[in-house]
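# Examination of the molecular architecture
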Amino acid sequence: IIIQGSGPTDRNGNQPMMTNNSLKLLAEALSENDIATFRFDKRTIKLIQMQNFNEEDILFEDFIDDVSAIIQYFKDDARFSKTIIAGHSKGSLIGMIAAQRNSVDGFVSIAGAGQEIDDVIVDQLERQAPFLKESARKAFDDIRVNGFTDDYDQNLASIFRPGIQPFMRSWMEYNPQTELQKLNIPVLIINGDEDLQVDENEAKLLKDSSETASLVIIEGMNHVLKKVDNSDPLDNGKSYNDPKRPVMPELVNVISEFVESLE
């Protein structure tokens, strides 16, 4: 069961104005190794299509509930011998909590954060827009203490607009390191060393929280699971809209080996 990351991401790993087919290509490659996969459109996409979307009503737990329902559906299907969760980016945290609540056979974190989401975003801002770091830190602290904030730089409105604050607050309640420690199943942690959104150190934090988890850092892989040329400063960005560029073969191999080890 492949769980996508942040934003209005569909089953293929795509968003409006961003088509890379990362999850579709991963699923097709795993299929060639006789591994069945299930992908799904995020509930927010369906609600928007139905013109029934109110972002204030969406909480992080809703996505956990969706994955739990999917797990139960396939556990009742005799065609499949094992149930394994593979969560990408935000889907990593969703997947590890759903795996706790439902009996599954293995968990794979792909480019998953190792810190609470507010710390991840503040770290990203420190690297990419340091002038916004202090405002973001204060706004997150206000949400933690008061449940909301109206004091933030308008350049951060996509993170702190009033409608999304209930969701951010519910997301901030979970620490990935704490949640990973609750799993008593085989765990594989994967990150690319060219990931500009989730640094490989996040994967190392996850690994440090689990004595039994395996960690693989894939050289040359970025956040959308593609190989990028670090000698070309534009290539990483180009891959986000390159649906024909394959996912990293090393990614497919390491996941396939993990699945086969569970048999």
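To be clear, the structure that these remarks concern was listed above.
The sections below set out a description of the structure shown in this document.

## A few points about the overall build of the protein
Each helix and strand counted, the protein has twelve helices and five strands in total. Against the globule reference of 18 Å for 263 residues, the protein gives a C-alpha radius of gyration of 18 Å, in line with a compact fold. Taken along the three principal axes of its C-alpha coordinates, the protein extends 50 × 45 × 40 Å. Here the protein holds 263 residues, and the buried ones make up 54% of them. Looking at the protein alone, contacts between residues at least 24 apart form 66% of all its contacts between residues at least 6 apart. Here the protein displays about 12,800 Å² of accessible surface, and carbon together with sulfur accounts for 48% of that area. Put simply, the protein has 26 plus and 45 minus side-chain charges, and the middle of one group is 4 Å from the middle of the other.

## Some details on the packing of aromatic side chains
Tallied over the entire structure, the rule returns eleven aromatic pairs. With 5.7 Å between their ring centres and 15° between their planes, Phe60 and Trp171 make a pair best called stacked. Linking Phe60 in helix H3 (residues 60-75) with Trp171 in helix H8 (residues 165-172), this pair joins segments that are 111 residues apart in sequence. Neither residue differs from the other here; Phe60 and Trp171 are each classed as buried. Put simply, the rings of Phe38, Phe40, Tyr73, Phe74 and Phe80 touch in pairs and so form one group of aromatic residues. The ring of Trp171 carries the charged tip of Lys90 above its face, separated from the ring centre by 5.2 Å.

## Describing the nonpolar core
If you look at the biggest cluster of nonpolar residues, it comprises 51 residues, and the most contacted ones within it are Phe60, Phe140, Phe160 and Met168. Counting only elements with at least two residues in this core, the list comes to H3, helix H4 (90-101), helix H5 (117-128), helix H6 (133-146), helix H7 (157-160), H8, strand S4 (187-192) and helix H10 (200-208). Top element by residues in this core is H3. It accounts for seven residues. Once residues within four sequence positions are removed from consideration, Phe140 is found in contact with Asp118, Ile121, Val122, Ile159, Phe160, Met168 and Met172.

## Here we look at the sheet that holds strand S3 (residues 106-110)
One open sheet accounts for five strands, arranged S1-S2-S3-S4-S5; its pairing is parallel. Edge positions in the sheet fall to strand S1 (2-3) and strand S5 (214-218), since each has one partner strand and no second. Across two bridges, the pairing between S1 and strand S2 (residues 84-88) is parallel. The residue of S2 that forms the bridge with Ile2 is Ala86. Sheet strands in contact with H4 are S1, S2 and S3, and its direction is about 150° off that of S2. Sheet strands touched by helix H12 (residues 249-261): S2, S3, S4 and S5. Its angle to S4, the strand with the most contacts, is close to 175°.

Conventions adopted
- Residues numbered from 1 in each chain as written.
- Predicted model: local features only at pLDDT ≥ 70, side-chain atom pairs only at ≥ 80, totals over all residues.
- Heavy atoms only, no water.
- Helix = DSSP H or I, 4+ residues; strand = E, 2+ residues; numbered from the N terminus.
- Rg over C-alpha atoms; globule rule 2.2 N^0.38 Å.
- Buried < 20%, exposed > 50% of the residue type's maximum accessible area, 1.4 Å probe, protein only.
- Contact = heavy atoms within 4.5 Å.
- Areas by Shrake-Rupley, 256 points an atom, 1.4 Å probe, with all protein chains shown as cover.
- Lys, Arg positive; Asp, Glu negative; His and termini not counted.
- Charge placed at Lys NZ, Arg CZ, Asp CG, Glu CD.
- Phe/Tyr/Trp six-rings, centres within 6.5 Å; stacked < 30°, edge-to-face > 60°.
- Lys NZ or Arg CZ within 6 Å of the ring centre and 35° of its normal.
- Core = buried A, V, L, I, M, F, W, Y, C linked by side-chain atoms within 4.5 Å.
- Pairing = 2+ DSSP bridges.
- Axes fitted to C-alpha atoms, helices over the stretch in contact; angles between N-to-C directions.

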